Amino acid sequence: MPASSRTDRIWVTPVRLTVAILCVALWLPWVAAGCGSTSQGTSAGSSARVMRAEGGVHRTRSVETLRRIARDRGFDLIILETLNPRWRGIGIPPGVEIRLPVGKPKIRRIRQGSEGT
């Protein structure tokens, strides 16, 4: 009996490996079919356009700085400087379009008079 159990163990590993490879080989095309693009809404000759998030634009009126725009609009100065590195720390002439981040600005609490709420 010991000889046959040793022989069984030798064949078990290749059989399990073969079964595992077959399972992956059958499973992979099934998953890949769901991940591929379909022709719904697009023609075969045209490629799908990549959607990009776009923020707003602020056009300067007088000489402004990114610090003033950030304060007035409620955005972080660091984010505005990242989006507009050319205008970091200098005055911006009128008519320049400044890129604003996507999303809502921070909400600021404004006090009314000296009683404060």
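Residues numbered from 1 in each chain as written. Predicted model: local features only at pLDDT ≥ 70, side-chain atom pairs only at ≥ 80, totals over all residues. Heavy atoms only, no water.

A. Representation of the overall build of the chain in the model. Of the regular secondary structure elements, the chain holds 3 helices and 2 strands. Moving toward the C terminus, one meets the helices and strands of the chain in the order α-β-α-α-β. Residue burial in the chain is summarised as follows: out of 117 residues, 15% are buried. A separation of at least 24 residues holds for 62% of the contacts in the chain among residues at least 6 apart in sequence. Taken as a whole, the chain presents about 10300 Å² of accessible surface, with 59% of it coming from carbon and sulfur. (Helix = DSSP H or I, 4+ residues; strand = E, 2+ residues; numbered from the N terminus. Buried < 20%, exposed > 50% of the residue type's maximum accessible area, 1.4 Å probe, protein only. Contact = heavy atoms within 4.5 Å. Areas by Shrake-Rupley, 256 points an atom, 1.4 Å probe, with all protein chains shown as cover.)

B. Focus on helix H2 (residues 66-73). Turning to H2, its buried residues number three or more, namely Leu 66, Ile 69 and Ala 70. Looking straight down H2, one finds that the buried residues subtend no more than 100° of arc, so they occupy a single side. Residues of H2 that are exposed and point over 90 degrees away from its buried face: Arg 67 and Arg 71. In the core, the buried residues of H2 are packed alongside strand S1 (57-59), helix H3 (77-83) and strand S2 (97-99). Just downstream of H2 lies Gly 74, where phi reads positive at about 85°. (Arc of directions from axis to C-beta.)

C. Main features of the pattern of salt bridges. Following the criterion strictly, the structure yields 4 salt bridges and no others. Ionic pairing is found between Glu 97 and Arg 59, a salt bridge with its closest N-O pair at 2.5 Å. One end of the pair, Glu 97, is in strand S2; the other, Arg 59, is in strand S1, and 38 residues separate them in sequence. The class of Glu 97 is partly exposed, set by a relative accessible area of 48%. Residue class for Arg 59 comes out partly exposed when judged on its relative accessible area of 48%. Between Arg 88 and Glu 81 there is a salt bridge whose closest N-O contact spans 4.0 Å. Overall, Arg 88 belongs to the partly exposed group, its relative accessible area being 46%. Overlapping salt bridges, with partners in common, bring together Arg 68, Arg 71 and Asp 72 in one network. (Salt bridge = Lys/Arg side-chain N within 4 Å of Asp/Glu carboxyl O.)

D. The nonpolar core, seen in detail. Among the nonpolar cores identified, the biggest contains 10 residues, and these are Leu 66, Ile 69, Ala 70, Phe 75, Leu 80, Trp 87, Ile 92, Val 96, Ile 98 and Leu 100. Broken down by element, the residue count for this core peaks at 3 residues, all from H2. Excluding anything up to four places from it in sequence, Ile 69 contacts His 58, Thr 60, Glu 64, Gly 74, Leu 80, Ile 92, Ile 98 and Leu 100. (Core = buried A, V, L, I, M, F, W, Y, C linked by side-chain atoms within 4.5 Å.)

E. Quick peek at the environment of Arg 99. When you line up the elements, Arg 99 lands in strand S2. Residue Arg 99 is classed as partly exposed on the basis of its relative accessible area of 48%. A C-alpha to C-alpha distance of 7.4 Å links Arg 99 and Leu 80, two positions 19 residues apart in sequence. Ignoring anything within four residues of it in the chain, the contact list for Arg 99 reads Gly 56, Leu 80, Leu 83 and Asn 84.

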